[in-house]
Amino acid sequence: MNTAAIPLPAWLEVIVIPILNIIMALIASGLIMLAIGVNPLEAVGIMIEGAFGSDYAIGYTLYYTTNFIFTGLAVAIAFHASLFNIGGEGQAYIAGLGVGLAFLALDSILPPILLIPVGILAAALFGAAWAFIPAWLQAYRGSHVVITTIMFNFIASALMVYLLVNVLRETGQMSPESREFAPESWLPQMHQVFAWFGIKITRTPLNLSIVLALLSCVFVWVYVWRTRWGFELRTAGQSEAAAVYAGIKPKSVVISAMCISGALAGFVAVNEIMGVHHKIINNFTAGYGFTGIAVSLMGRNHPVGIVMASLLFGVLYQGGAELNFEIPKITREMVVAIQGLIILFSGALALMLRPWIVRLYLKVRPVSAVVDH
Amino acid sequence: MGGFGLVDLFAVLDATIRVSTPLILCAMAGIFSERSGIIDISLEGKLLATAFAAASVAAWTANPWLSLFAGVAVGIVLALVHGFACITHRGNQVVSGLAINILASGLTVVLGISWFQAGGQTPSLGSESRFMPIELPGADAFAEAVPGLGQFYKDVVSGHNLLVYVAFFCVFITWWVIYRTRFGLRVRAVGENPLAIDTAGLSVSRLRYSSLAICGLLAGIAGTYLSIAQNASFVREMSAGQGYIALAAMIFGKWRPVPAMFACLMFGFLDAIAIRLQGFVIPGYGEVPVQLIQALPYILTVVLLAGFIGKAIAPKAIGVPFVKER
């Protein structure tokens, strides 16, 4: 029986099946833990305690969550246009260069009130620019965006190492990093923001970027589902032929979708460079761009889902770090493995359970009622 | 600046062959997968996972042949996972490949720490558990007798381990299978037009699964080479992007075995000279940016894909799951 053509009610498609997929991924992760002699239930307990146990833990969890929201949204908006942007990592990296160049040049000239907007703008522009080239190549030269964005990640990495070692490094400094920016350009961290209102919380890297992340969610939702551009984006993503027939230009959709995607990925630099490090450092993206793919797949490319998936990954990252203290056998790489399993089960094997669900559903409801309309 | 003599050139070529070997094996692996219509960005993950498997088994058994078997077995299993997702369940091929890459990157370290307690590294291997360099017959005598060519034979052709020669032999085998056998014809057909294969009464799934299994086998040899022939242990992230370079080389060779091999050799050559050019100063310009040379394979591939130097056209049905009409 070909079950792909049988429609299922929305709650099964967007809630039950995705949750079952994640459960399968988590069961597989549990089996790996059992295999290396760790009790998965105990690990989950430590992880949740480590991620939510104190305001310190929550701060770190939300700080990671912020990065994942940005990269998850970046992957999602491209997905809606049927584009697979694997280049979030490189786009975020180059966005960090943008922020850095802007601040290195302007942090003693511009009035402080302008510095932060300029930094955010620079991140968006540089991220978008690094996505624009693969987008243009796909739209006008026919090279596939998946391959070019993979290549661009490596090119970005080589470029940044070159610039950090040969150009941006302070004279006399050993480590490949730029000078620290003036404090006026630093994005306020949440413990400072809370202090303005007289509330004292523990200092963590969590900063105002999380507000930008939530605003980005609203932006993506409005853009994709409530504007003409979003309609064009989704139409071109579903069927290029239909889009052309409706007077939509698929080439410009490719370019605009990828540029927005690159800009969103670039906001990782706002969180990391403007909010935490205050200088350009080597490899500050730390794989967040790739995690964005898992986040987007898990969140079904919808901002609400992405926030939830980002939170889950925030818990995994922060809780995983705590876990490492308690059970040294479990390192950060366990989280990487879990991430791989989630991409496998929620992404590549997303349709694995569907035939079973359809059969179960047909047992409950007669076939004629499902297929006829 | 000392002179750059024949000896130096031979040393670079010798290094080129050593670093090209895993690229060549992976590129051939990629050709089998992609020619049958399945995108394979998971070469990187297969390389890493099989390197780990081989090094682990070598550490336990001190037997290179068992290690090779383990590497190949893990390669085939990963390829079949890819097939299960992409062929049986019509999943997104890029997503599946990425999942394998990330899974390999995490799992090799998790298992490595659990098994060997050395921060994700496997124990150092002695020569009895590795594939060691082989001196080809008559190398010394030939080098004595014929100065230029003989030296080339001794320095560049001879003195590699068995898997290096296997890699070059695999290029010939790949070419022969793809272009000269019925199976190869069918693989090419299923990558261009699976419906035609289906109409002819052949199983699209079976052909694609077989191609993927060969892909996993070749990637397994590459991983084994990495950890127990070229190096003497597994180190975390030791594949270091070579799977992606092989992917680039395969595209550069336009999905054909022999041109792909030359692309691998070119990328390997760039890698070999990059190390030597560290600190090398071009008069009037300054130091050669080593990072530029390292990024060159990626840049060249982008330029090629953009159609500025020739045109790379992928198999027509690549990336599209086959749905059998009923």
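Only a predicted model underlies this, so the values are computations on that prediction, with no experimental measurement involved.

1. What about the overall build of chain A?
So, point 1. A tally of regular secondary structure across chain A gives 16 helices and zero strands.
So, point 2. For chain A, the C-alpha radius of gyration of 22 Å lies close to 21 Å, the compact-globule estimate for 373 residues.
So, point 3. Expressed as lengths along the three principal axes of its C-alpha atoms, the size of chain A is roughly 75 × 55 × 40 Å.
So, point 4. The 373 residues of chain A split such that 51% are buried.
So, point 5. Contacts spanning at least 24 positions in sequence make up 76% of the contacts within chain A whose residues lie at least 6 apart.

2. A word on the overall build of chain B
So, point 1. Regarding its fold elements, chain B presents 13 helices and four strands.
So, point 2. For chain B, the C-alpha radius of gyration of 21 Å lies close to 20 Å, the compact-globule estimate for 326 residues.
So, point 3. By principal-axis analysis of the C-alpha atoms, chain B measures approximately 70 × 50 × 40 Å.
So, point 4. The proportion of buried residues among the 326 residues of chain B is 52%.
So, point 5. A separation threshold of at least 6 residues defines the contact pool for chain B, and within that pool the share at least 24 residues apart is 76%.

3. Observations concerning helix 14 (residues 332-348) of chain A
So, point 1. Relative to the 24 Å expected for 17 residues at 1.5 Å per residue, helix 14 of chain A spans 23 Å between its end C-alpha atoms, a close match to the ideal helical length.
So, point 2. Counting buried residues in helix 14 of chain A gives 16 out of 17 residues, a clear majority hidden from the surface.

4. Concerning the nonpolar core
So, point 1. Counting 221 residues, the largest nonpolar core has I343 of chain A together with L25, A27, L218 and A249 of chain B as the members making the most contacts within it.
So, point 2. In this structure, I343 of chain A is in contact with I293, A294, L297 and A348 of chain A together with V95, L98, A99 and I102 of chain B, ignoring residues within four places of it in sequence.

5. Focus on the interface of chain A and chain B
So, point 1. Counting residues at the interface gives 38 residues for chain A and 37 residues for chain B.
So, point 2. Counting only elements with at least two residues in the side of chain A that touches chain B, the list comes to helix 5 (112-141), helix 6 (145-168), helix 12 (288-298) and helix 14 of chain A.
So, point 3. At 11 residues, helix 14 of chain A tops the list of elements feeding residues into the side of chain A that touches chain B.
So, point 4. Here the residues of the side of chain A that touches chain B are counted per class, giving 27 nonpolar, eight polar and three charged.

6. Some details on the environment of T122 of chain B
Residue and element names in this part refer to chain B.
So, point 1. Along the chain, T122 turns up in the loop between helix 4 (93-116) and strand 1 (133-134).
So, point 2. When the C-alpha positions of T122 and G112 are compared, they lie 6.7 Å apart, and in sequence the two are 10 residues distant.
So, point 3. When sequence neighbours within four positions are dropped, the list of residues in contact with T122 reads A55, S56, A59, G112, F116, S233 and F234.

7. Let's talk about the packing of helix 1 (residues 6-35) of chain B against helix 11 (residues 242-252) of chain B
Each pair of packed helices gets described by two things: the angle between the helix axes and the distance between those axes.
Residue and element names in this part refer to chain B.
So, point 1. Axis separation between helix 1 and helix 11 bottoms out at 8 Å; the angle between their running directions is 60°. Between helix 1 and helix 11, the crossing angle belongs to the class labelled oblique. Helix 1 and helix 11 meet at a crossing whose hand is right-handed. Side by side, helix 1 and helix 11 meet where P22, L23, C26, A27, G30 and I31 of the first sit next to Q242, G243, I245, A246, L247, A249 and M250 of the second.
So, point 2. For the contact of helix 1 with helix 11, the per-class residue count stands at 10 nonpolar, three polar and no charged.

8. Some points on the environment of E240 of chain A
So, point 1. Relative to the assigned elements, E240 of chain A resides in helix 10 (residues 240-245).
So, point 2. On a C-alpha basis, the gap between E240 of chain A and A81 of chain A in space is 9.7 Å, while along the polypeptide they are 159 residues apart.

9. A word on the environment of P22 of chain B
Residue and element names in this part refer to chain B.
So, point 1. Along the chain, the position of P22 falls in helix 1.
So, point 2. A tally of 31 C-beta atoms within 10 Å means that P22 is categorised as buried.
So, point 3. Sequence spacing of P22 and A246 is 224 residues, and the spatial spacing of their C-alpha atoms is 8.1 Å.
So, point 4. Those residues in contact with P22 that lie beyond four places of it in its chain are L47, A222, Y225, L226 and Q242.

10. Brief notes about unusual backbone geometry
So, point 1. Unusually for a residue other than glycine, A286 of chain A sits at a positive phi of about 45°.
So, point 2. Examined against the element boundaries, A286 of chain A turns out to sit in the loop between helix 11 (250-277) and helix 12.
So, point 3. On the basis of neighbour count, A286 of chain A is assigned to the partly exposed category, with 16 C-beta atoms found within 10 Å.
So, point 4. A positive phi angle is found at K254 of chain B, which is not glycine, with a value near 55°.

Procedures and definitions
Residues numbered from 1 in each chain as written. Chains lettered and ligands numbered in written order. Predicted model: local features only at pLDDT ≥ 70, side-chain atom pairs only at ≥ 80, totals over all residues. Helix = DSSP H or I, 4+ residues; strand = E, 2+ residues; numbered from the N terminus. Rg over C-alpha atoms; globule rule 2.2 N^0.38 Å. Buried ≥ 20, exposed ≤ 12 C-beta atoms within 10 Å, placed from the backbone. Contact = placed C-beta atoms within 7 Å. Expected span 1.5 Å × (residues − 1). Core = buried A, V, L, I, M, F, W, Y, C linked by C-beta atoms within 7 Å. Nonpolar A, V, L, I, M, F, W, Y, C, P; charged D, E, K, R; others polar. Axes fitted to C-alpha atoms, helices over the stretch in contact; angles between N-to-C directions. Parallel < 35°, antiparallel > 145°, perpendicular 65-115°, else oblique. Left-handed = near helix turned anticlockwise from the far one by under 90°.

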